[in-house]
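Residue-level listing of the chains:
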Amino acid sequence: MSIAASVSGYLYRKPRLRLGMLLSAPLLWLGLAYLGALAALFVTAFWHTDTFTGQVVTEWSLDNFATLVSDEVYRTITLRTLGIAVAVTVVDAVIAFPMAFYMAKFASPRAQRILVIAVMTPLWASYLVKAYSWRVMLSGNGLVGWLFGATPGYGLAATIITLSYLWLPYMILPIYAGLDRLPNSLVEASGDLGARSWRTFRSVVLPLTFPAIVAGSIFTFSLTLGDYITVKIVGGANQMLGNVVYDNIGAANNLPFAATVATVPVVIMLVYLFVVRRTGALDNL
Amino acid sequence: MMLSKKTKYLLLAALVLGLAVIYLPLLVVLLNSFNSDTTFGWPPSGFTLEWWGRAAENQGVLDALVTSLEAGLAATAIALALGMMAAFALQRYRFFGKDTVSLLIILPIALPGIVTGIALNNAFRTILGIDLGLFTAIVAHATFCIVVVFNNVVARLRRMGGNLEEASMDLGADGITTFRLVTFPMLRSALLAGGLLAFALSFDEIIVTTFTLGAGLQTLPIWILDNLFRPNQAPVVNVVAAVLIVVSTLPVYLAQRLSGDTASGGRI
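For clarity, every value in this text was computed on a predicted model and none was experimentally measured. (Residues numbered from 1 in each chain as written. Chains lettered and ligands numbered in written order. Predicted model: local features only at pLDDT ≥ 70, side-chain atom pairs only at ≥ 80, totals over all residues. Heavy atoms only, no water.)

## Quick notes on the UniProt feature "domain: ABC transmembrane type-1" (unreviewed entry) in chain A
When the UniProt feature table is mapped to this numbering, "domain: ABC transmembrane type-1" (unreviewed entry) covers residues 78-276 of chain A. End-to-end, the C-alpha atoms of residues 78-276 of chain A are 21 Å apart, and along that stretch the chain is 82% helix and 0% strand. (UniProt positions renumbered as here; feature names shortened; annotations may be inferred. Helix = DSSP H or I, 4+ residues; strand = E, 2+ residues; numbered from the N terminus.)

In structure tokens:
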């Protein structure tokens, strides 16, 4: 019996050992390196920076959180970020639903496959390039002005347009999956009972696909809350939470405060996930 | 479906319009890279290959391309190994804490990029005392690329079941031979697809890269961001943007043709 064969025979009799060998490297990498880094980040949020040396001082305090809550600038930025996230989610849901509806209910199986690829491929095109393309299109003499005779310029509207564009596929795909699972017989039954299109949509289709819409909103919401580059490219002078984090790491060199601000999107997402948990949206991810 | 013809056509119109909006900005960037006018007024006044030539001679762009390729290839290699191991462990075994492990694999991509970015930045600099460089960026990229390989391999393992492997063992092949001659050949296209997607993801990534790549180094997305607000660089920025579109969507398209298992970057 060769060595390889005896090793593989030994391993075959020890499934726990095999599992341990398979799990050790990924767990060391993600568990220790990544979870450790996250834990360290949240610990850092309670520390502060020495104003003279710029060094991190490892004393525990809630000062950073107090600044975050009491300072009006950060309140405004948090509310603006939330507002943008809500607007982006609504815009995406309104655009995505009809597209997903046609894909799921009218397209042939072959066309469905092609359409899913068509929606998914641009998802991977560089985030930065897509934001940049809107900067080009919304500029004074860009395509949008040429098509419509006016452009919203750079500001909140441009930020919402660009972020909606960026995350649209993340909304289309879960809604498509949700509608694909919705049995046609229910829609037909509604029609047989005399409901017109709108009534069927409102009373049958929408309630049953709501979890899928919420699933999509988790992406649009979470991705918007963390954004800082799009708003830098098309947002004019506006700032989002991500910009505060970024500026505190770079220019201000205040890592503890950056860590504190970074907990805000995480907390908002945890609250959001807790609220939508009962819709069953999490099973749609 | 019991919907009127009119509704059906309205929905089709919405779909066509939506797809047009999805593709239009990408086409504008591609077209602009050939625009002979430096201010990019629309419509373009003429077409030229000059900017492509200039980009090909631009040392900053070439260095950034090399860094992007190095980071992408190294991160993909690590993600392939770790993603495949995790996929086998989670798909073939039952154990305590299984759900936690699968959550852990998704986490780096589920949390906002900026959180992942500063967590790793903080861990490298303050806690481990490592200077940022290409190495730290590779570690960061590999961390969020694992999920892509994992998803592809898990989907394939689920679909192929265990019958063929059992048959191979019944015929006397040992575990290693079975893996080499039966399991691996069936996994190959899933691994290739996962690898292509991981590479595309790494090639595009900007937020985590900003926080983990050493000063003086640039990937292509970071080169664009650094040059975005310099007016005289606009034509070359357009060429680099066009390259990024092609280099990142082509592997995705190939991966989807190769393996219909999954191709959404782990977010869906």
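## As for the UniProt feature "transmembrane region" (unreviewed entry) in chain B
All names here are of chain B. When the UniProt feature table is mapped onto this chain numbering, "transmembrane region" (unreviewed entry) sits at residues 65-89, 101-120, 132-154, 190-216 and 236-255. Spanning residues 132-154, this segment combines 91% helix with 0% strand, and its end C-alpha atoms are found 33 Å apart. As annotated, residues 236-255 comprises 100% helix and 0% strand, and the C-alpha atoms at either end are separated by 29 Å.

## Re the nonpolar core
Judged by nonpolar contacts, the single largest core of 167 residues is most densely connected at Ile172, Leu179 and Ile229 of chain A together with Ile105 and Ile224 of chain B. Shared between two domains, this core holds at least three residues of each, these being domain 1 (3-45) and domain 2 (64-279) of chain A. Ignoring anything within four residues of it in the chain, the contact list for Leu179 of chain A reads Phe97, Ala100, Phe101, Ala104, Lys105, Val205 and Thr209 of chain A. (Core = buried A, V, L, I, M, F, W, Y, C linked by side-chain atoms within 4.5 Å. Buried < 20%, exposed > 50% of the residue type's maximum accessible area, 1.4 Å probe, protein only. Domains from an automatic or database assignment. Contact = heavy atoms within 4.5 Å.)

## Section: the UniProt feature "domain: ABC transmembrane type-1" (unreviewed entry) in chain B
In the numbering used here, UniProt assigns the "domain: ABC transmembrane type-1" (unreviewed entry) feature to residues 65-255 of chain B. The span residues 65-255 of chain B is 83% helical and 0% strand by assignment, and the distance between its end C-alpha atoms comes to 22 Å.

## Comments concerning the packing of aromatic side chains
Taken as a whole, this structure holds 19 aromatic pairs over all chains when the rule is applied. Between the aromatic rings of Phe34 of chain B and Trp52 of chain B, the centroid separation amounts to 5.6 Å while the plane-to-plane angle is 15°, which identifies the pairing as stacked. Taken as a pair, Phe34 of chain B in the loop between helix 1 (5-32) and helix 2 (50-57) and Trp52 of chain B in helix 2 lie far apart in primary sequence, 18 residues in all. Residue classification places Phe34 of chain B among the partly exposed positions, given a relative accessible area of 30%. Connected via pairs of aromatic rings, a cluster forms that spans Phe97, Phe101, Tyr102, Phe106, Trp198 and Phe201 of chain A. (Phe/Tyr/Trp six-rings, centres within 6.5 Å; stacked < 30°, edge-to-face > 60°.)

## Some points on helix 10 (residues 197-225) of chain A
It helps to recall that an α-helix has 3.6 residues per turn; residues three or four apart then point in one direction. With 29 residues, helix 10 of chain A ought to run about 42 Å at 1.5 Å a step, yet its terminal C-alpha atoms sit only 36 Å apart, falling short of that. Where helix 10 of chain A bends most, the angle comes to about 50°, and this point is Leu206 of chain A, followed within four residues by the proline Pro207 of chain A. (Expected span 1.5 Å × (residues − 1). Bend = angle between axes of the 7 residues up to and from the residue.)

## A word on the interface of chain A and chain B
Taken together, the contact between chain A and chain B spans 89 residues of the former and 93 residues of the latter. Broken down residue by residue, the surface that chain A buries against chain B is led by Trp29, Tyr34 and Trp124 of chain A, which jointly contribute 11%. Taken together, the links from chain A to chain B amount to zero salt bridges. There are eight residue pairs in polar contact (both at pLDDT 80 or more) connecting chain A and chain B. It is helix 2 (residues 15-44) of chain A that contributes the most residues to the side of chain A that touches chain B, 20 residues altogether. Looking at the side of chain A that touches chain B, its residues break down into 66 nonpolar, 14 polar and nine charged. (Buried area = accessible area lost by both parts, 1.4 Å probe. Salt bridge = Lys/Arg side-chain N within 4 Å of Asp/Glu carboxyl O. Polar contact = N/O pair within 3.5 Å; in protein donor to acceptor, adjacent residues only side chain to side chain. Nonpolar A, V, L, I, M, F, W, Y, C, P; charged D, E, K, R; others polar.)

## Here we look at the packing of helix 2 of chain A against helix 4 (residues 98-110) of chain B
For the pair helix 2 of chain A and helix 4 of chain B, the least separation of the axes is 10 Å and the interaxial angle reads 60°. The pairing of helix 2 of chain A with helix 4 of chain B is recorded here as oblique in orientation. Seen along the crossing, helix 2 of chain A lies across helix 4 of chain B with a hand that is left-handed. Every residue of helix 4 of chain B that contacts helix 2 of chain A at Leu23, Leu27, Leu30, Gly31, Tyr34, Leu35 and Leu38 of chain A is listed here: Val101, Leu104, Ile105, Leu107 and Pro108 of chain B. Residue composition of the contact of helix 2 of chain A with helix 4 of chain B, grouped by class: 11 nonpolar, one polar and no charged. (Axes fitted to C-alpha atoms, helices over the stretch in contact; angles between N-to-C directions. Parallel < 35°, antiparallel > 145°, perpendicular 65-115°, else oblique. Left-handed = near helix turned anticlockwise from the far one by under 90°.)

## Quick look at the pattern of salt bridges
Residues and elements named next belong to chain B. Evaluation of the coordinates by the stated rule reveals one salt bridge over all chains. Put simply, Glu165 and Arg92 hold a salt bridge, and the shortest N to O gap is 3.1 Å. Placement of the pair is Glu165 in helix 7 (residues 163-170) and Arg92 in helix 3 (residues 59-92), with a sequence separation of 73 residues. With relative accessibility at 13%, the residue Glu165 sits in the buried group. Judged by relative accessible area, which is 30%, Arg92 ranks as partly exposed.

## A word on the domain arrangement of chain A
Residue and element names in this part refer to chain A. What the domain assignment reports for chain A is domain 1 (3-45) and domain 2 (64-279). The interface is formed by four residues belonging to domain 1 together with seven residues belonging to domain 2. For the pair domain 1 and domain 2, the summed buried area comes to about 460 Å², and 81% of that belongs to carbon and sulfur atoms. When the buried surface of domain 1 facing domain 2 is broken down by residue, Phe42, Thr44 and Ala45 rank first, second and third, together holding 84% of it. The tally of links between domain 1 and domain 2 comes to two residue pairs in polar contact (both at pLDDT 80 or more).

## Regarding the layout of surface pockets
Considered as a void within the structure, the second largest pocket measures approximately 870 Å³ in volume. Surrounding the second largest pocket, 21 residues form its lining, Arg18 of chain A together with Phe88, Tyr93, Gly175 and Phe179 of chain B being those nearest its centre. Secondary structure elements with two or more residues in the lining of the second largest pocket: helix 1 (3-13) and helix 2 of chain A together with helix 3, helix 7 and helix 8 (175-204) of chain B. The leading source of residues in the lining of the second largest pocket is helix 8 of chain B, at five residues. Here the lining of the second largest pocket is built from residues that sort into 11 nonpolar, five polar and five charged. (1 Å grid on protein atoms, 1.4 Å probe; cavity = no way out; pocket = protein on both sides within 12 Å on 5 of 7 lines; lining within 4 Å. Points joined across faces, edges and corners; volume = space filled by probe spheres on them.)

## A short note on the environment of Leu164 of chain B
Tracing the backbone through its elements, the reader meets Leu164 of chain B in helix 7. Those residues within four positions of Leu164 of chain B in sequence are excluded, and the remaining contacts are Val182 and Met186 of chain B.

## Concerning the UniProt feature "transmembrane region" (unreviewed entry) in chain A
According to UniProt, the "transmembrane region" (unreviewed entry) feature falls on residues 21-47, 82-102, 114-134, 154-179, 200-221 and 255-275 of chain A. From the first C-alpha to the last, residues 255-275 of chain A spans 31 Å; its make-up is 100% helix and 0% strand.

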